[in-house]
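This is what each chain is made of:
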Amino acid sequence: MERHKLELVGITYNQIESGVYAVILREADGERRIPIIIGYPEAQAIECKLQDVVTPRPLTHDMMINFMTAFGVSLKEIEIKRLPNGVFAADLIFTDGDNTRIVDARSSDGIALAIRAGAPIYTSDEVLAEAGFLPEETQKKTRQSRRAARGGDRKTTPAPEEDLTDLSSLSAEQLNELMQKAAEDEDYEKAAKIKAELDKRKKD
């Protein structure tokens, strides 16, 4: 199975809906990006490292790195995966030099540890094909190239706007797909509403 190395672009946030963030990953050998919706604590843990913020006491992920160092364990790499319900997760590959162990984790925790340990981040070709998107400028150029290859513009019917008035009628899979698209469009207000519905179902 082909794998792609990912680079951390940064974190974006929704100025309208507080507490909703997206960590953006980009393929190292291309331009496709993967947005992963995360909460404030996870965003803070990643941003603190990106900004080299020094805290009085170790944060949870810093403590984990200290723990690993004390016991001679290192984070070799992490792999971003996508669960059947559309939620992103991560496999953390640890090694002590002789043995290798894989630990399941949230994608945000995996990324927070990887940037602290200097470990590479990978994902599968399948995940990148399903969840990856091109930045708007690149998409525009791609569309122009395709239209030129077809011999000119063709009229297209715009896709109808998703109705968010009754999210309860949609399945979890449909909600995850809508949330993914909202994140790709950087419409975090819409993503926040969908995430709230998913969180509500988990509590119920």
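For every chain, the first residue of the written sequence is number 1, and numbering continues from 1 onward in sequence order. Local features in this predicted model are restricted to residues whose pLDDT is 70 or higher, and side-chain atom pairs enter the listing and the counts only when it is 80 or higher, whereas totals over whole chains, interfaces and linings include all residues. Computation of side-chain values: all heavy atoms of the structure, hydrogens and water removed.

Participant: Any details on the nonpolar core? Residues and values, ideally.
Facilitator: Counting 29 residues, the largest nonpolar core has Ile-34, Ile-36, Leu-75, Ile-78, Ile-80, Leu-92 and Ile-111 as the members making the most contacts within it. Whether two residues are in contact is decided by their heavy atoms: any pair within 4.5 Å suffices. Once you skip the residues sitting within four places of it in the chain, Leu-92 turns out to touch Leu-75, Glu-77, Ile-78, Arg-101, Ile-102, Val-103, Ala-105, Gly-110 and Leu-113. The next biggest cluster of nonpolar side chains, apart from the first, holds ten residues, and it includes Ile-37, Leu-178, Met-179 and Ile-194. Take the buried Ala, Val, Leu, Ile, Met, Phe, Trp, Tyr and Cys residues and link them wherever side-chain atoms come within 4.5 Å; each set so joined is a nonpolar core. Between buried and exposed lies partly exposed: a residue is buried under 20% and exposed over 50% of the maximum accessible area for its type, with that area taken using a 1.4 Å probe on protein chains only.

Participant: I'd like a description of a nonpolar patch on the surface, backed by residues and values.
Facilitator: Within the patch definition used here, like charges are joined within 9 Å and nonpolar side chains (Val, Leu, Ile, Met, Phe, Trp, Tyr) within 5 Å, considering only residues with over 30% relative accessible area and no salt bridge. Methods summary: accessible areas were calculated by the Shrake-Rupley approach with a probe of 1.4 Å, and residue burial reflects only the protein chains presented. The rule for a salt bridge is simple: a side-chain nitrogen of Lys or Arg has to be within 4 Å of a carboxyl oxygen of Asp or Glu. A surface patch of nonpolar side chains, amounting to about 350 Å² of accessible area, comprises Met-63, Phe-67 and Phe-71. Strands here mean DSSP runs of E at least two residues long; helices mean DSSP runs of H or I at least four residues long; both are numbered from the N terminus. Considering the arrangement of structural elements, one finds Phe-67 in helix 2 (residues 60-70).

Participant: Residues and numbers for a negative patch on the surface, please.
Facilitator: Within this scheme the basic residues Lys and Arg register as positive and the acidic residues Asp and Glu register as negative, but His and the chain ends are omitted. By convention, charge coordinates are those of NZ in Lys, CZ in Arg, CG in Asp, or CD in Glu. Residues Glu-2, Asp-29, Asp-125, Glu-126 and Glu-130 make up a contiguous surface patch of negative charge. Position of Glu-126 relative to the elements: it lies in helix 4 (residues 125-131).

Participant: Tell me about helix 1 (residues 40-50), and name the residues and values.
Facilitator: Buried within helix 1 are the following residues: Glu-42, Ala-43, Ala-45, Ile-46 and Cys-48. The inward-facing, buried residues of helix 1 abut strand 1 (3-13), strand 2 (21-27), strand 3 (33-38), helix 2, strand 6 (100-106) and helix 3 (107-117). Looking one or two residues past helix 1, Asp-52 carries a phi angle of roughly 55 degrees, positive in sign.

Participant: Give me the layout of surface pockets: which residues, what numbers.
Facilitator: Empty pockets left among the atoms are what a rolling probe the size of a water molecule brings to light. Of the voids in this model, the largest pocket is the one considered here, and its volume is about 490 Å³. Cavity and pocket criteria rest on a 1 Å grid covering protein atoms alone: a 1.4 Å probe that fits but cannot get out defines a cavity, protein on both sides within 12 Å along at least 5 of 7 lines defines an open pocket, and an atom within 4 Å of a point defines a lining residue. Lining the largest pocket are 22 residues, with Ile-37, Val-87, Met-179, Lys-195 and Lys-202 positioned closest to its centre. Those elements that place two or more of their residues in the lining of the largest pocket are strand 3, helix 3, helix 6 (172-184) and helix 7 (188-203). For the lining of the largest pocket, the class distribution of residues is nine nonpolar, seven polar and six charged. Grid points are joined across faces, edges and corners, and a volume is the space filled by probe spheres set on the points. Each residue gets one of three labels, nonpolar for Ala, Val, Leu, Ile, Met, Phe, Trp, Tyr, Cys and Pro, charged for Asp, Glu, Lys and Arg, and polar for the others, Gly among them.

Participant: Residue-level account of the pairing of strand 6, with values.
Facilitator: Following DSSP output, two strands are said to pair if at least two bridges run between them. Summarising the sheet, strand 5 (residues 88-95) and strand 6 pair through seven bridges and their orientation is antiparallel. The residue of strand 6 that forms the bridge with Ile-93 is Ile-102. Joining the antiparallel neighbours strand 5 and strand 6 is a turn of four residues, in which Gly-97 adopts a positive phi near 100 degrees.

Participant: Describe helix 2, with residues and values.
Facilitator: Of the residues making up helix 2, those classed as buried are His-61, Ile-65 and Met-68. For helix 2, the angular spread of buried residues about the axis comes to 60 degrees, placing them on one side. The exposed residues of helix 2 that point more than 90 degrees off its buried face are Thr-60 and Ala-70. Here the buried face of helix 2 lies against helix 1, strand 4 (74-82), strand 5 and helix 3. In the segment just after helix 2, Gly-72 is the residue with positive phi, at about 70 degrees. For this quantity, the arc is that covered by the directions from the helix axis to the C-beta atoms.

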